[in-house]
Number of protein chains: 2
Amino acid sequence: MSVTARDVARVAGVSISTVSRALAKPDEVAPATRARVLDTARGMGYLPNPAARGLITGRTSTIGLIVPDLENPFFAAVTKGVQSRARAAGYCVIVADSDEDPSQEEDLARTMSKRVDGIVLCSPRAPDSVIAQLALECRLVLVNRACGDIPAVAINNLMGISQAMGHLLALGHRKIAYVGGPATSWSNTARLASLQVVAAEHPNLDLVDLGSFQPYVSGGIAAADLVIVSEATAVVAYNDLVAFGLLDRLRHRGFRVPDDISVVGIDNIPMSELTFPSLTSVGIPLVNCGRAGVDLLLGFVRDPSTPPTHHHDLSFRLVVRESTGPVRASPALHATA
Amino acid sequence: MSVTARDVARVAGVSISTVSRALAKPDEVAPATRARVLDTARGMGYLPNPAARGLITGRTSTIGLIVPDLENPFFAAVTKGVQSRARAAGYCVIVADSDEDPSQEEDLARTMSKRVDGIVLCSPRAPDSVIAQLALECRLVLVNRACGDIPAVAINNLMGISQAMGHLLALGHRKIAYVGGPATSWSNTARLASLQVVAAEHPNLDLVDLGSFQPYVSGGIAAADLVIVSEATAVVAYNDLVAFGLLDRLRHRGFRVPDDISVVGIDNIPMSELTFPSLTSVGIPLVNCGRAGVDLLLGFVRDPSTPPTHHHDLSFRLVVRESTGPVRASPALHATA
DNA sequence: CGAACTACTGAAAAGGTTTGCATACTGTCG
DNA sequence: CGACAGTATGCAAACCTTTTCAGTAGTTCG
């Protein structure tokens, strides 16, 4: 069926060990022999059997990635970063989608734990206790979540949020609403906390927390009417998708953005450039987050003595587009209702 | 380190073989023994080593998926479908992103071929000869591409295109442009061919092929000015992203959609509901395509005697939104330039 | 009561690679 | 010229599971 090291050894006239060494330890074998073995192997299309290798070395050259939703552009970007960096390092990536279900994260991690050298867990929804337990069972790196001493690529939400709030304050906004994401989401907690930090620094700023919504367009649509009632002149959304929902519903309710209400998203996904009006958003280097996660994990895999590192990726940038503008002299119109 | 079958056997007071059988062949072991082994295994947190199992069975319980671009919503949807179906069947998924580079597809397939039981190759850009060669080396299923006798989930482009063209014809459009995707793309070829079939059936319809563009928003932006010059009253884009680019550039050039030009996309990605104007698009059941691909592959893996099947997923639907409207009595205005 | 079955269980081989250890050989230095 | 250092290669064990084959004990039937 498949060509094995034994076949190559026979053809090249050497032992199996020499074949193995010729491929893995170039300097432990005579140059002439090495060349002959390599040629033979290439000629026969020999590829080492990863299962056999993994059985003895205990390494799989594969890493796992668990994300809540592959169709969410946020996670698609992280996945892309993870995938490209892993490939460059000679690793395959087993991807799993938890469908935003915390209990699935645990199952998925256990299922893949034996097939991978480590797992990148992105934005897990599960409680700290579960994550901590998982970290005992397998090599784990977190992205967009902090939990005890587990190595993590953390997004410094405060920095991005500060920029966004500074922008809105400069435009004269004093009553600003926040449309939150899932209550169990670490980034939602972090973002809300960041907003409150900023609010505490500006006594005349009124921050209105509108509660938790689905992190999808539908969540924004659901929240839009609350925004209107709150009489806030600007709204920060949990992410761009939610902001899109807000834009859509506000338009259908007859409110103009940014004339009546300014809208700010977070993530700066590619699509935010193309809505009407285009969306002001806080950009996060998502692909880099994925890359950083892999780097952290592989450093850990290669040298288990490496102390757990926390990596904070700081390169935010607020991208101002059409959805934010100066506050109106008079309060927002109640165009309808 | 890790708990093996030997450990479980020792604790449960049975042989390794019995442990193996208790887990895999429930009826070949006495109920009492079975219960004892299972309890012990669970208690000790035993999980069979996939490498050792794979080494002897030759199966990995893992499938591969290769897509051109994970960040493209089209492929994100397919990936989601593949992932969920595979998981339900007890398989892991190794995902790889070829970055739209045909030569990488080949490398990726070879790299993962030994680690998976089969590969789902989605919208490959590589030439038929390469695909055919790959199919000889590993179990292969195609999605959104046809190539010889290789099992494939094919999208019947003609059906969707016909619906879209029927819609435009009904609105009075007689000069319709097509903004194509990559020349090497099978679906681009299929879509263009479908358009020509429809055009052949309507002698008074003037089809203008504007050539190949990047399958991204940037491609649409690049093509928009050609659309204007062509004096077509409607344009069909290779996919929704390209259509978004068209909407954006047309607006900036001062053209109104659909008053001056109607725009139709293909794929009906979630975002097409949220652009302004929202996009009329031909929907493809992408998640189902992914699922169907896995079904095809697993049927094949489980029973290699299964004759290669071609699966055509037909459930298209044209979703009409705001970007298409009746043709103007007078030719499109030349708002600028 | 013995023989033939059945139903379970255990021993052992196989699967393909890596790697520690032993061996054979080449060349060098005393 | 002999011994030794060093290098290149082969042998064999180990990794952990599955699966075939054989064996044991218990049961049933003649």
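Since the structure is predicted, the reported quantities are computational estimates derived from the model, not experimental observations.

## Looking at the overall build of chain A
Within chain A, the secondary structure is distributed over 12 helices and 12 strands. Scaling as 2.2 N^0.38, a compact globule of 337 residues should have a C-alpha radius of gyration of about 20 Å, whereas chain A reaches 26 Å, well beyond that. Projected onto its principal axes, the C-alpha coordinates of chain A cover approximately 90 × 40 × 30 Å. Across the 337 residues in chain A, those meeting the buried criterion constitute 49%. Relative to all contacts within chain A whose residues are 6 or more apart in sequence, the contacts with residues 24 or more apart total 69%.

## Brief notes about the interface of chain B and chain A
Contact with chain B, which involves 35 residues of that partner, is made by 33 residues of chain A. For the side of chain B that touches chain A, the elements supplying multiple residues, two or more each, are helix H4 (50–57), helix H5 (73–88), strand S2 (92–97) and helix H11 (240–252) of chain B. In terms of residue count, the dominant contributor to the side of chain B that touches chain A is H5 of chain B (eight residues). For the side of chain B that touches chain A, a count of residues per class yields 21 nonpolar, seven polar and seven charged.

## Topic: the protein's contact with DNA strand C
DNA strand C sits among 27 residues. The nearest are Ala5, Ser17, Ser20 and Ala52 of chain A together with Thr33 of chain B. Going through the elements one at a time, helix H1 (5–12), helix H2 (16–24) and helix H4 (50–57) of chain A together with helix H2 (16–24) and H4 of chain B are the ones with two or more residues in the surface near DNA strand C. Class assignment for the residues of the surface near DNA strand C results in 14 nonpolar, nine polar and four charged.

## Describing unusual backbone geometry
As a rule of thumb, non-glycine residues mostly have phi less than zero, and peptide bonds are mostly trans rather than cis. The amide bond that connects Val257 of chain A to the next residue, Pro258 of chain A, takes the cis arrangement and shows omega of 10°. Mapping Pro258 of chain A onto the fold places it in the loop between helix H11 (240–252) and strand S9 (262–267). Residue Pro277 of chain B is reached from Phe276 of chain B by a cis peptide bond, and omega for that bond is -5°. The phi torsion at Asp99 of chain A lies on the positive side, around 55°, for a residue other than glycine. The topology assignment puts Asp99 of chain A in the loop between strand S2 (92–97) and helix H6 (102–113).

## Some details on the pairing of strand S1 (residues 62–67) of chain A
Residues and elements named next belong to chain A. The buried fraction of S1 is high, at six of six residues. Residues Thr62, Gly64 and Ile66 line one face of S1 and the alternating positions Ile63, Leu65 and Val67 line the opposite face, and both faces are buried. With six bridges connecting them, S1 and S2 associate as parallel partners. From the neighbouring strand, Ile63 faces S2, where its bridge partner is Val93. Handedness of the crossover joining S1 and S2 through helix H5 (residues 73–88) is recorded here as right-handed. Sheet topology places S1 next to strand S3 (residues 119–122); three bridges connect them, and they run parallel. Paired with Leu65 across the bridge in S3 is Val120.

## Quick notes on the relation of the copies chain B and chain A
The transformation that overlays chain B on chain A combines an axial shift of 0.0 Å with a rotation of 180°, and the residual RMSD is 0.1 Å. Accordingly, the operation relating the two chain copies is best matched by a two-fold axis. Both copies contact each other with a shared surface, as 94% of the interface residues of chain B are interface residues in chain A too.

## Some remarks on the domain arrangement of chain A
Per the domain assignment, the segments making up chain A are domain 1 (1–32), domain 2 (62–155 + 286–314) and domain 3 (157–284). Centre-to-centre, using C-alpha coordinates, domain 1 of chain A lies 36 Å away from domain 2 of chain A.

## Regarding the protein's contact with DNA strand D
DNA strand D sits among 25 residues. The nearest are Ser17 and Thr33 of chain A together with Ala5, Ser20 and Ala52 of chain B. For the surface near DNA strand D, the secondary structure elements donating two or more residues are H2 and H4 of chain A together with helix H1 (5–12), H2 and H4 of chain B. Considering only residue class, the surface near DNA strand D consists of 12 nonpolar, nine polar and four charged.

## Remarks on the sheet that holds strand S9 (residues 262–267) of chain B
All names here are of chain B. Within the open sheet, the six strands sit side by side as S7-S6-S8-S9-S10-S12. Their pairing is mixed. If you trace the sheet from one side to the other, it starts and ends with strand S7 (206–212) and strand S12 (317–319), each paired once. Direction aside, neighbouring strands of the sheet carry axes that sit 20° apart on average. Where strand S8 (residues 234–237) lies against S9, three bridges are found, and the strand directions are parallel. Bridged to Val236 within S9 is Val264.

## So, the sheet that holds strand S7 (residues 206–212) of chain A
All names here are of chain A. Taking strand neighbours across the sheet as the criterion, the six strands line up as S7-S6-S8-S9-S10-S12 in an open arrangement whose pairing is mixed. If you trace the sheet from one side to the other, it starts and ends with S7 and strand S12 (317–319), each paired once. Across the sheet, the mean angle separating the axes of adjacent strands is 20° when strand polarity is ignored.

## A closer look at the environment of Arg302 of chain B
Along the chain, the position of Arg302 of chain B falls in helix H12 (residues 286–302). Sequence separation between Arg302 of chain B and Ser15 of chain B is 287 residues, and the spatial gap between their C-alpha atoms is 29 Å.

## Here's the deal with the packing of H1 of chain A against H2 of chain A
Residues and elements named next belong to chain A. Two elements in contact, H1 and H2, have axes separated by 8 Å at closest approach and are oriented at 100°. With respect to their mutual orientation, H1 and H2 come out roughly perpendicular. Taking contact as the criterion, the partners of Ala5, Arg6, Val8 and Ala9 in H1 are, on H2, Ile16, Thr18, Val19 and Ser20. Class assignment for the residues of the contact of H1 with H2 results in five nonpolar, two polar and one charged.

## Some words on the nonpolar core
Ranked by internal contacts, the top residues of the largest apolar core, which has 184 residues, are Val235 and Leu246 of chain A together with Val235 and Leu246 of chain B. Val235 of chain A has contacts with Ile176, Ala177, Val179, Val227, Leu246, Ile261 and Val263 of chain A, leaving out every residue within four places of it along the chain.

## With respect to the packing of helix H8 (residues 157–170) of chain A against helix H9 (residues 186–201) of chain A
Residues and elements named next belong to chain A. Packing of H8 against H9 brings their axes to within 9 Å, and their N-to-C directions diverge by 50°. Judged on the interaxial angle alone, H9 and H8 are oblique. In the crossing of H8 with H9, the sense of the turn from one axis to the other is right-handed. Contact with H8, carried on its side by Asn157, Leu158, Ile161, Ser162 and Met165, involves Ser187, Ala190, Arg191, Ser194, Leu195, Val197 and Val198 of H9 and no other residues of that element.

## Description of the environment of Leu108 of chain B
Residues and elements named next belong to chain B. Residue position: Leu108 is located in helix H6 (residues 102–113). The sequence separation of Leu108 and Ser98 amounts to 10 residues, and the corresponding C-alpha distance is 7.6 Å. Not counting residues within four places of it along the chain, the set of residues in contact with Leu108 comprises Ile66, Ala96 and Ser98.

## Points about the pairing of strand S10 (residues 280–283) of chain B
As paired elements, S9 of chain B and S10 of chain B share four bridges and run parallel to each other. Residue pairing in the sheet places Val264 of chain B in a bridge with Thr280 of chain B of S10 of chain B.

## Some details on the environment of Gly166 of chain B
Tracing the sequence through the fold places Gly166 of chain B in helix H8 (residues 157–170). In sequence terms Gly166 of chain B and Ala51 of chain B are 115 residues apart; their C-alpha atoms lie 55 Å from each other.

About the criteria used
- Residues numbered from 1 in each chain as written.
- Chains lettered and ligands numbered in written order.
- Predicted model: local features only at pLDDT ≥ 70, side-chain atom pairs only at ≥ 80, totals over all residues.
- Helix = DSSP H or I, 4+ residues; strand = E, 2+ residues; numbered from the N terminus.
- Rg over C-alpha atoms; globule rule 2.2 N^0.38 Å.
- Buried ≥ 20, exposed ≤ 12 C-beta atoms within 10 Å, placed from the backbone.
- Contact = placed C-beta atoms within 7 Å.
- Nonpolar A, V, L, I, M, F, W, Y, C, P; charged D, E, K, R; others polar.
- Near = placed C-beta within 6 Å.
- Pairing = 2+ DSSP bridges.
- Right-handed = clockwise from strand over helix to strand, strands pointing away.
- Least-squares fit on C-alpha atoms with pLDDT ≥ 70 in both.
- Domains from an automatic or database assignment.
- Axes fitted to C-alpha atoms, helices over the stretch in contact; angles between N-to-C directions.
- Parallel < 35°, antiparallel > 145°, perpendicular 65-115°, else oblique.
- Core = buried A, V, L, I, M, F, W, Y, C linked by C-beta atoms within 7 Å.
- Left-handed = near helix turned anticlockwise from the far one by under 90°.

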